[in-house]
Structure formats: structure tokens, C-alpha cells
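# Structural description and commentary
Letter by letter, the chains look like this.
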Amino acid sequence: MLLMTAESPVINSINDASVFSPERDINVYLEHIWKSYFADIQPVNEVCIAYCYPWKTRLGVIRMTLDENTSFIGINSLLQVAQVPECVLITTIAHELVHYVHGFGSPRPRLYQHPHANSVVDKELEQRSLGEQLYLCNEWVDKEWYPFYDKQQKAGWVSWLSARYSARRGRRSR
């Protein structure tokens, strides 16, 4: 079962800008991506998604809770910034869903020994009609991510987000 917010509006297109708030409600994105590109996959446990730490070298992560009742998808908090193209957020969420399908961060059977072996994630995204989104995402990340991240860090936003997400986990920021 997917965990979605009750207030999430129904969307007909990922390009429907009127639906997405400046905060980029990732619950809406998750629901839409799952219904549009992963409709053949039924969730076998609860799937939660939230913005997380603004990592420099990671856009997303998926992991299971210790009791294996919930799969948690964490999305780099910098992906909610309007300067980041929407394709980066879409591709990151879809990337983590591919891991879920392949049995990483989920109770589903593992299909591969390693999560990225032989470009299985990219191949799956292409098979699910997300190849163009993946291409645009990779182009932006390759050319823009590190300068964008450094700019955000210099502006102080990264340290503010780090403190915010560390406080949520009950840890002090450094």
C-alpha cells in the first residue's frame, strides 16, 4: 500500500504545473509515477517518501525499516528547488522505484546481486518509457549539479537543510 497524503490533488499529466506547488509535493509525484509507469507492480508493503539530507553525491535512497513493514524513499532536499529541472525529481523517484521492483529496499525477491549491475536501472527506466526523462536528467546532473550544489552551500541553504533534517532524526547538526 502506498502512503499518500489525503490532500494530494489528482493529476492528469506530470506537466500540469498548476498541481505542483513550489515545494514539489513528492507524494503527488510518487503516486503519479507509480500509476503511470509502474502500474504493473503492486506494492507489497507500505511505501513512504520524504525529502532528506541534501547530499552532494546522492539524489535518492531506498531502504527498508528494521521490521520490514515499510520501504522508505528519501529524496535529496535540494530537488525541491525550482532551479532543478523537474525531470531530475521524476527520474530520481522512478530510479528508487526500480530498486523497489528489483527487490532492493523492499520485501520483493531480489532480481540481481547488485542494484546497478549492467545498467539494469537505466534499462528498466527506458523500458518503462522514462528514457527521455533519464537522458535529460543525466545531462543536467553532469553539467549543473556540482555548481548548483556549491552555490546552495555557499548561500547557506545546505547547512540549514542539514540542521533541519538532522533535528528530525533527533541528532544535532555539526
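Residues numbered from 1 in each chain as written. Predicted model: local features only at pLDDT ≥ 70, side-chain atom pairs only at ≥ 80, totals over all residues. Heavy atoms only, no water.

Moving on, we get to helix α2 (residues 86-101). Between its terminal C-alpha atoms α2 stretches 23 Å, which fits the 22 Å expected from 16 residues at 1.5 Å a residue. In terms of burial, α2 is largely enclosed, as 15 of its 16 residues are buried. Where α2 terminates, the next one or two residues include G103, which has phi positive at roughly 90°. (Helix = DSSP H or I, 4+ residues; strand = E, 2+ residues; numbered from the N terminus. Expected span 1.5 Å × (residues − 1). Buried < 20%, exposed > 50% of the residue type's maximum accessible area, 1.4 Å probe, protein only.)

For the rest of this paragraph, the subject is the pattern of salt bridges. All told, the structure shown has five salt bridges when counted by the stated rule. The residue K35 makes a salt bridge to E31 at a minimum N-O spacing of 2.9 Å. Residue K35 and its partner E31 are located together in helix α1 (residues 26-37), separated by four residues, close to a single helical turn. Classification of K35 as exposed rests on a relative accessible area of 58%. The partner of E139 in a salt bridge is K143, with the nearest N and O atoms 3.2 Å apart. Residue E139 and its partner K143 are both found in helix α4 (residues 131-154); the two are separated by four residues, about one turn of the helix. (Salt bridge = Lys/Arg side-chain N within 4 Å of Asp/Glu carboxyl O.)

This brings us to the packing of aromatic side chains. Counted under the stated rule, the structure contains six aromatic pairs. Aromatic side chains Y53 and W55 sit 6.4 Å apart centroid to centroid with 55° between the ring planes, which places their arrangement in the tilted category. We classify Y53 as partly exposed; its relative accessible area is 29%. Between W145 and F148, the ring centres sit 5.8 Å apart and the planes meet at 45°, which makes this aromatic pair tilted. Residue W145 and its partner F148 are located together in helix α4, separated by three residues, close to a single helical turn. What makes W145 buried here is its relative accessible area of 3%. One aromatic cluster in this structure is built from W140, W145, F148 and Y149. Lying over the aromatic face of W55, R58 brings its terminal NZ or CZ to 5.7 Å of the ring centre. (Phe/Tyr/Trp six-rings, centres within 6.5 Å; stacked < 30°, edge-to-face > 60°. Lys NZ or Arg CZ within 6 Å of the ring centre and 35° of its normal.)

For the rest of this paragraph, the subject is the environment of K123. Mapped onto the elements, K123 comes out in helix α3 (residues 120-127). By relative accessible area, K123 is classed as partly exposed at 46%. Between the C-alpha atom of K123 and that of V98, which follows or precedes it by 25 residues, the distance is 10.0 Å.

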